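Examining the three-dimensional arrangement
The chain contents come next:
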Amino acid sequence: MSEPLRIGVLGAARISESSLIGPARATGHRVVAVAARDRSRAEAWAAEHGVERVAGSYAELIADPEVEVVYNPLANGLHGPWNLAALTAGKHVLSEKPSASNAEEAAEVREAAAKAGTVFMEAFHYLFHPVTRRLHEILASGEIGELRHVEALVAIPAPPDTDPRWSLPLAGGAVMDLGCYGLHALRMLAPWAGGAPRLVSARGGERAQAPGVDEWLDADLAFPGGATGSARCHMAYDRLEMSCRVTGSLGEVFAPNFVLPHLDDRLVVRTADGERTERLGTRSSYTYQLEAFADRVRGGAALPLDAEDAEATMALIDAAYRAAGFEPRPRMSS
């Protein structure tokens, strides 16, 4: 293996255990530092997860010469500012999605990444798992014919009212947390659909006691080649569902959980020849993601995700918000 990445983590977020700590352990990369607003929390987190040391602040972590990759799993509203700070400091950045609060800020992140010349990637980990890669292979093979319709539903039971995902100042909302996966998955079908999809219409519902924050949103899209798409998200659903159904002229492919395929690694293919179920493995999509990111940083391997892709997704998110009667998320006031 090439030299391990030296990663610094912003915040002591729960998601980092599955999204970074486990994958780093599995692939031999180093988590050299963590910073949190509460130093004692960072110290406890570092001790629990074997992180080498604790930085006194986010800024101190970014300035640390030993940290070459900054992982940003902070609340959505803090993605843009700290992605910009890390890129300006010349670091590689793996940012949780979305890359910024709105398309204007995402454009600034793109410009900063281009200027830095470092690797910037939005953590759409699902894309690296064999479930999604195989779905794309089946589309490319022609087995289900020409793409006609795709529908993605990404839904979870409601987080507590105090969760930052319900906070407008922290750029919360169902599309920011969940819907971005569906919109991104539809965008990734462009090669088989005559190009990228455009938004046709959207409807959404506001969270009670959280003005301006979407509890659910349904977006309808159209592809240049004539196919249609639907990306639905719900952050107060009766169960967890993260499914994607791709229908072609000769059949369909269904992924019961394309976002967290380690929970359900099935791909169900139905054609005139019958139905079959492929199992693609429960290794974590986050582990595949970290491997791909490291291959890019260390060896210059191609990545399907960069700051331009992140800006395009953010523009689609903003368009969906406006069409459903919401405002795009505000930037963090400094």
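Structural data are supplied above this passage.
Here's a quick rundown of the structure. (Residues numbered from 1 in each chain as written. Predicted model: local features only at pLDDT ≥ 70, side-chain atom pairs only at ≥ 80, totals over all residues. Heavy atoms only, no water.)

**Details of the sheet that holds strand E11 (residues 241-248)**
Which entries qualify depends on this criterion: Any two strands are treated as partners once DSSP identifies two or more bridges connecting them. A run of H or I in DSSP becomes a helix once it reaches four residues, and a run of E becomes a strand once it reaches two; helices and strands are each numbered from the N terminus. Between the N-to-C directions of two axes lies an angle of 0 to 180 degrees, each axis being a line fitted to C-alpha atoms and, for a helix, fitted only over the stretch in contact. Contacts were defined at the residue level, with two residues in contact if any of their heavy atoms lie within 4.5 Å.
Spatially, E8-E9-E10-E7-E11-E12-E13-E14 is the arrangement adopted by the eight strands of the open sheet, whose pairing is mixed. Each edge of the open sheet carries a strand with a single partner, namely strand E8 (198-207) and strand E14 (274-279). Taken over all neighbouring pairs, the strand axes of this sheet differ in orientation by 15° on average, direction set aside. By the bridge criterion, seven bridges tie strand E7 (residues 147-155) to strand E10 (residues 228-234) in an arrangement that is parallel. For Leu153, the partnering residue across the bridge sits in E10 and is Arg232. The sheet strands contacting helix H9 (residues 307-323) are E8 and strand E9 (210-222), and the helix crosses E8 at an angle near 65°.

**Looking at the pairing of strand E13 (residues 266-271)**
Bridge count between strand E12 (residues 251-255) and E13: four bridges; the pairing is antiparallel. Bridged to Glu252 within E13 is Arg270. In terms of strand pairing, E13 meets E14 through six bridges, oriented antiparallel. Considered in E14, the bridge of Thr271 is made with Gly274. Taking the residues that link successive antiparallel strands as the turn, the E13-E14 hairpin has two residues.

**Here's the deal with the sheet that holds strand E2 (residues 30-35)**
In spatial order, the strands read E3-E2-E1-E4-E5-E6; together these six strands make up an open sheet with parallel pairing. In this open sheet, the two edge strands, each paired with only one partner strand, are strand E3 (53-54) and strand E6 (120-122). In this structure, E2 lies alongside E3, joined through two bridges in parallel fashion. The partner of Val34 across the bridge, within E3, is Val54.

**A closer look at helix H1 (residues 15-27)**
Put simply, the test is: Take the number of residues in a helix, subtract one, and multiply by 1.5 Å to get its expected span. Values of bend correspond, residue by residue, to the angle between axes fitted over the seven residues ending at that residue and the seven starting there. Throughout this description, buried means an accessible area under 20% of the type-specific maximum (1.4 Å probe, protein chains only), exposed means over 50%, and partly exposed covers the range between.
The end-to-end C-alpha distance of H1 is 18 Å, a good match for the 18 Å that 13 residues give at a rise of 1.5 Å each. Along H1, the sharpest change in direction is near 25° and occurs at Ile21; proline Pro23 comes one to four residues later. Among the residues making up H1, those that are buried are Ser16, Ser19, Leu20, Ile21, Pro23, Ala24 and Thr27. Elements that come into contact with the buried residues of H1 comprise strand E1 (6-10), E2, helix H2 (39-49), strand E4 (69-72) and helix H8 (285-299).

**Things to note about unusual backbone geometry**
Going from Lys97 to Pro98, the amide bond is cis rather than trans, its omega being -15°. Inspection of the secondary structure assignment puts Pro98 in the loop between strand E5 (92-95) and helix H5 (103-116). Phi angles above zero are rare outside glycine, and Ala171 is one such case at about 60°. As for its placement among the helices and strands, Ala171 is situated in the loop between E7 and helix H7 (174-187).

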